[in-house]
Structure formats: C-alpha cells, structure tokens
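Reading the structure
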Amino acid sequence: MNLSFQPIGFRSVLSVTELNRSARELLEHTLPLLWVSGEISNLKQYHSGHWYFSLKDANAQVRCVMFHHKNQYLNWQPKEGMQVEVHALVTLYEARGEFQLIVENIRRAGLGLLYEAFERLKAKLEQAGLFHPIHKKALPTFPRQVGIITSLNTAALHDVLTTLQRRMPALPVIIYPTPVQGESAAAKIAAAIHLAMERMECDVLILCRGGGSIEDLWAFNEEIVAQAIYACSIPIVTGIGHETDFTIADFVADVRAPTPTGAAQIISPNAQEISNHLRHLGQRMQHGIQRGIERRMQMIDLLTHRLQHPGDRIYNQAKHLHHLQERLLNAYLRYMEALRWKLNELNRRMHTSSPNIPFLFKQQHDMALRLRRAGIHRIQILENNLQHQQAYLVHLNPQAVLARGYSITYTTDGHIVHNWKQIHSVDDIRITFAKGWAQAKVIETGK
C-alpha cells in the first residue's frame with residue numbers, strides 16, 4: 001500500500017474545509033480501489049437513480065454511495081440485509097466530513113469465488129481448444145427436425161416454441177426435458193445432449209433457459225456440460241439468459257444466440273420469407289419459360305421462311321453452277337490473253353536486244369575518230385592558254401621591272417616601303433636591285 005502522500009504544509013490554524021480536503025486527498029491517494037464485504041442496511045434509492053446505503057458487520061459500519069451510471073448495468077436488485085461485496089474507492093464527503101465508500105461495482109457475497117472458478121475453467125477449456133472456430137459445425141439451412149434441451153416449465157421453452165410456430169409451423173420439434181438449475185442440473189443437461197446424439201433424430205439442437213443470476217446459470221458453467229457440447233456431432237445453438245449473460249456453454253457451442261428467442265430465429269428459416277422467395281422464383285421461371293417459347297417460335301418462323309421446294313433448290317443450284325462455269329471460262333480467256341501479251345513483249349525485247357555487229361564496228365570506228373579529233377583540239381586549246389599565261393606572268397615578273405632600273409626598299413621587319421611616313425631618320429633599310437642588294441640608313445624624310 002502506498003503511503004507516500006504528502007499532507008499540506010504546517011500551519012498554526014486550518015479551516016474545516018482545508019482539513020476535510022486534506023483528509024479526502026490523503027484517503028484517495030493512500031488507499032486504492034478495494035473489495036469490502038458486509039451487510040446492506042438503510043438502503044435508499046432516489047429519483048436520480050443513485051443508491052445510498054450502509055455496509056456493516058458485527059462491529060462497524062460505513063456509509064456507501066453507488067451512482068446511477070454505475071448501478072444501471074446490474075441485472076439484480078440489492079435488498080436490505082443482503083450480504084454483498086463492493087468494489088469501492090475510500091473517500092471523505094467534505095461537506096459533512098463523513099467517511100464513505102464510492103461503489104464502482106457490487107456483487108452478492110460469495111460470487112467472487114464463482115467468478116474465479118468461471119475464469120479458471122474458461123482458461124482451461126480455451127487452452128484445450130474447445131473454443132476454437134475450427135471445431136464449430138455449420139447449421140443446416142433447412143433443418144428437418146429440431147431438438148430443444150431445456151426444462152418443461154420455463155418461459156424460455158414457450159418463447160422458442162412460439163417463435164418456431166410463427167416462423168416455420170411445419171418444422172417438427174422434439175423436446176429433451178432436463179432441469180436447468182440446481183446441483184444435479186449439469187449432469188442431467190449433459191445426459192440430455194448425449195441422448196439426442198445417440199438417437200440422431202434432429203438436425204440441430206437448441207440448449208436454452210431464461211435469465212437469472214450467476215448461481216442460477218451455473219449449471220451451464222460446468223465442465224461436464226462443456227465436454228458434452230464439444231463431443232456432440234449435432235450442431236448446438238445456445239440461448240441462455242439475457243444478451244449480457246455469457247456462460248462456458250456459449251463459448252463451446254457452435255453458435256451463441258443472445259436469448260432463447262434468438263436461438264429459435266437462428267435455426268429456423270422464415271416460412272413467409274421462403275414463400276415469398278419461392279413465389280419470386282416461380283415468377284422468374286414462368287417468365288423464363290415464356291421467353292424461351294417466344295424465342296423458339298421466332299426461330300420456327302425464320303426456318304419456315306428459309307425452307308424451299310426441292311425443285312427450286314435444284315434450279316437455283318444449277319443456275320449457280322452455270323454462273324460458275326461462265327466465270328471459269330472468262331477467267332481462262334483473260335489468262336490466255338495475258339500470256340499472249342507477255343509473249344509479244346518478250347519477242348519485242350528479244351528483237352530489240354539482238355546485236356548488229358557491222359553497225360557496232362562502224363559506230364566504234366566513228367567514235368574513236370571523234371575522240372581523237374576532240375583530244376587534239378583540246379590539247380591545242382590548252383597550249384594556247386598556257387602560252388597566254390606565260391606571257392602574262394613574264395609581264396608581271398618584278399625582276400623584269402628591277403631590270404629596267406627600279407629597286408625595292410624594305411624596313412627592318414621585312415615590310416615594303418610604299419610611303420615616306422613608314423620610315424624615320426636613322427632607321428635602317430634594305431634596298432633590293434635587279435642584281436644584288438644594299439643596306440642603308442635614313443638621313444632625312446619628306447614629301
């Protein structure tokens with residue numbers, strides 16, 4: 001238990017509000033949610049839905065409150081003098097300085113052991129594989145006979161029979177009566193299941209009973225019942241208690257219904273729905289047959305229109321044969337005409353391609369003579385052009401100009417001097433003559 005709560009800092013004087021608040025916080029932080037057992041006394045139920053009562057034993061009592069949003073889910077009614085166990089938070093009602101319990105859950109004394117036994121058996125059977133979906137058997141769509149395992153004097157049997165009568169009046173029902181509450185009920189329920197399996201006269205079984213406390217439903221939490229359901233070769237639907245009630249039998253059964261009425265609805269097809277569906281299928285079948293007849297009548301009309309007299313058929317075939325004969329003859333004539341044109345073309349090409357030797361020799365002689373004359377004429381033209389170019393080159397030869405007394409002056413970097421502005425006093429120049437050259441220095445320049 002955690003005792004690490006730190007109270008308010010020391011002060012010489014505390015107000016009542018501060019004292020009660022510190023006490024409440026100390027209680028709520030120190031004590032966790034816990035189970036407390038005792039006897040109910042002074043039970044009051046207000047219009048708001050909240051419950052106020054005291055929980056007492058031989059030596060003490062404590063005030064308790066259970067609010068409506070917590071007690072509305074209980075499926076039983078606490079009463080004065082009842083021994084109970086409450087799961088509550090220890091606190092203090094500051095306005096009055098009253099020590100009290102805020103109840104989160106409440107159960108009848110001794111139910112804790114039942115819940116623990118329930119959880120232990122559930123874990124054991126689940127580990128053994130009795131709850132696995134692979135073992136669940138499929139329900140028949142249209143059962144031929146239904147078996148009901150329950151007590152004869154229960155409202156659950158009446159609800160199941162009423163539902164079956166409404167949904168499927170013609171469905172046969174066999175009842176396997178057995179007690180569903182009491183010390184020996186579990187063994188008798190298991191025996192009823194074994195009997196139904198041995199007789200094999202039903203396609204599906206309903207295991208049901210009405211609502212009640214956990215003690216009332218405990219027969220369905222016994223291992224002998226779970227093993228009988230698991231070993232049964234007939235599909236079993238459970239409808240035990242109310243929608244919020246779960247038993248071990250529900251987990252082992254092939255299908256779990258929320259109520260006995262729900263179990264009857266699950267296993268029985270609705271006769272009215274089946275009738276409507278059959279009526280719809282009948283209408284579809286009738287329309288399909290009608291459409292088929294109409295299609296075949298239309299086909300008969302088409303075949304009748306295509307039917308011919310044998311004489312007419314022979315005449316048409318003979319006419320078609322004559323047409324094919326004409327086409328064959330015309331095709332043969334066109335083929336022969338094409339061969340004739342091809343032969344004439346080959347003759348023309350052969351006649352065109354046959355060589356005339358004397359003519360070719362004369363043509364060769366003439367062409368050689370023309371080639372020789374053309375070559376001589378071309379050479380003469382080239383010689384005349386060459387002589388003309390030589391004369392032109394002689395005329396343009398700078399050496400001939402120098403021979404007439406002229407000279408060429410160069411600067412030191414090799415450029416020809418065309419203007420006096422290109423040289424200056426004391427510049428070195430080079431003078432080339434028709435024969436030889438001379439190095440000189442500029443003394444003066446001017447226009």
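For every chain, the first residue of its written sequence is number 1, and the numbers climb from 1 along that sequence. Local features in a predicted model are, by the rule used here, given only for residues with pLDDT of at least 70; side-chain atom pairs are given and counted only at 80 or more, and totals for whole chains, interfaces and linings are based on all residues. The side-chain figures draw on all heavy atoms in the structure; neither hydrogens nor water molecules are used.

**What about the sheet that holds strand S7 (residues 173–177)?**
Hydrogen bonds between backbone groups are what pair the strands of a sheet, and the pairing can be parallel or antiparallel. DSSP-based pairing: two strands are paired if at least 2 bridges between them are found. Strands are runs of DSSP state E lasting at least two residues, helices are runs of H or I lasting at least four, and both sets are numbered from the N terminus onward. Strands sit in the order S7-S6-S8-S9-S10 across an open sheet of 5 strands; the sheet is parallel. The open sheet terminates on both sides in strands that have one partner only, identified here as S7 and strand S10 (255–256). Relative to S7, strand S6 (residues 146–150) runs parallel, the two sharing 5 bridges. Across the sheet, residue Ile 149 finds its bridge partner in S7, namely Tyr 176. Contacts between residues were defined by any pair of non-hydrogen atoms, one from each residue, lying within 4.5 Å. Between N-to-C directions, angles cover 0 to 180 degrees, with each direction set by a line fitted to C-alpha atoms, over the stretch in contact for helices. Across the sheet, helix H4 (residues 155–167) lies against S6, S7 and strand S8 (204–209), angled at about 165° from S6, the strand it touches most.

**Overview of the packing of aromatic side chains**
Think of it this way: a Phe, Tyr or Trp ring, Trp meaning its six-membered ring, pairs with another when their centres are within 6.5 Å, and the plane angle makes it stacked under 30 degrees, edge-to-face over 60, tilted otherwise. Going through the model one piece at a time under the given rule, you end up with 3 aromatic pairs. Centroid distance Tyr 46 to Tyr 52: 5.1 Å. Interplanar angle 85°. Geometry classified as edge-to-face. The classification of residues rests on relative accessible area computed with a 1.4 Å probe and restricted to protein chains. Under 20% of the type maximum is buried, over 50% is exposed, and intermediate values are partly exposed. Looking at Tyr 52, the relative accessible area reads 30%, which means it is partly exposed. Considering the side-chain rings of Phe 131 and Phe 251, the 5.4 Å spacing of their centres and the 35° angle between planes classify their relative orientation as tilted. Of this pair, Phe 131 sits in the loop between helix H3 (111–128) and S6 while Phe 251 sits in helix H7 (residues 248–252); the two residues are 120 residues apart in sequence, bridging distant segments of the chain. For Phe 131, a relative accessible area of 13% puts it in the buried group. Three or more aromatic residues joined by ring pairs form one cluster here, namely Phe 131, Phe 246 and Phe 251. A positively charged side chain is recorded as over a ring if its NZ (Lys) or CZ (Arg) lies within 6 Å of the ring centre. The angle to the ring normal must also be within 35 degrees. Sitting over the ring of Trp 35, Arg 107 keeps its end group 3.8 Å from the ring centre. The positively charged end of Arg 430 is found above the aromatic ring belonging to Trp 437, 3.7 Å away from the centroid.

**Some points on the confidence of the model for the protein chain**
Reading fine detail from the predicted coordinates is not recommended where pLDDT is low. Confidence scores labelled pLDDT are given residue by residue by the predictor and lie between 0 and 100. In the predicted model, the protein chain carries a mean pLDDT of 85, and 96% of its residues have values of at least 70. Long-range and interchain partners of residues 1–5, a stretch whose pLDDT sits below 50, account for 10 contacts in this model, where long-range means more than four residues apart.

**Let's talk about the pairing of strand S13 (residues 437–441)**
Where strand S12 (residues 428–432) and S13 come together, 5 bridges link them in antiparallel fashion. What sits directly across from Ile 431, in S13, is Ala 438. Joining the antiparallel neighbours S12 and S13 is a turn of 4 residues, in which Gly 436 adopts a positive phi near 90°.

**Let's talk about the state of the cysteines**
Any cysteine sulfur atom paired with another within 2.5 Å is treated as part of a disulfide. Per the counting criterion, the structure on display carries 0 disulfides. Here Cys 202 is not disulfide-linked; the sulfur of Cys 232 is the nearest cysteine sulfur, at 10.0 Å. Residue classification places Cys 202 among the buried residues on the basis of a relative accessible area of 5%. Residue Cys 232 is classed as buried on the basis of its relative accessible area, which comes to 3%.

**Digging into the sheet that holds S12**
Pairing is antiparallel across the open sheet formed by 3 strands, whose spatial order is S11-S12-S13. Every other strand in the sheet has two partners, leaving strand S11 (408–411) and S13 as the edge strands with one partner each. Strand-to-strand twist of the sheet, defined as the mean angle between neighbouring strand axes without regard to direction, takes the value 25°.

**Some remarks on the packing of H4 against helix H8 (residues 260–267)**
Relative to each other, H4 and H8 sit at 30°, their axes nearing to 8 Å. By the angle between their directions, the pair H4 and H8 is classed as roughly parallel. Crossing handedness for the pair H4 and H8: right-handed. Within the contact between the two elements, H4 uses Ala 156, Asp 159, Val 160, Thr 163, Leu 164, Arg 166 and Arg 167 and H8 uses Pro 260, Thr 261, Ala 264, Gln 265 and Ile 267. Should an angle fall under 35 degrees it is called roughly parallel, over 145 degrees roughly antiparallel, and 65 to 115 degrees roughly perpendicular, with every other angle called oblique. By definition, any crossing whose near helix is turned counterclockwise from its far helix by less than a right angle is left-handed, and any crossing with a clockwise turn is right-handed.

**Thoughts on the pairing of strand S3 (residues 61–66)**
Note: strand S2 (residues 51–56) against S3, 6 bridges, orientation antiparallel. By the bridge assignment for S3, Ser 54 is matched with Arg 63. Between S2 and the antiparallel strand that follows it, S3, lie 4 residues. Sheet topology places S3 next to strand S5 (residues 98–108); 3 bridges connect them, and they run parallel. Bridge pairing in S5 places Cys 64 opposite Leu 101.

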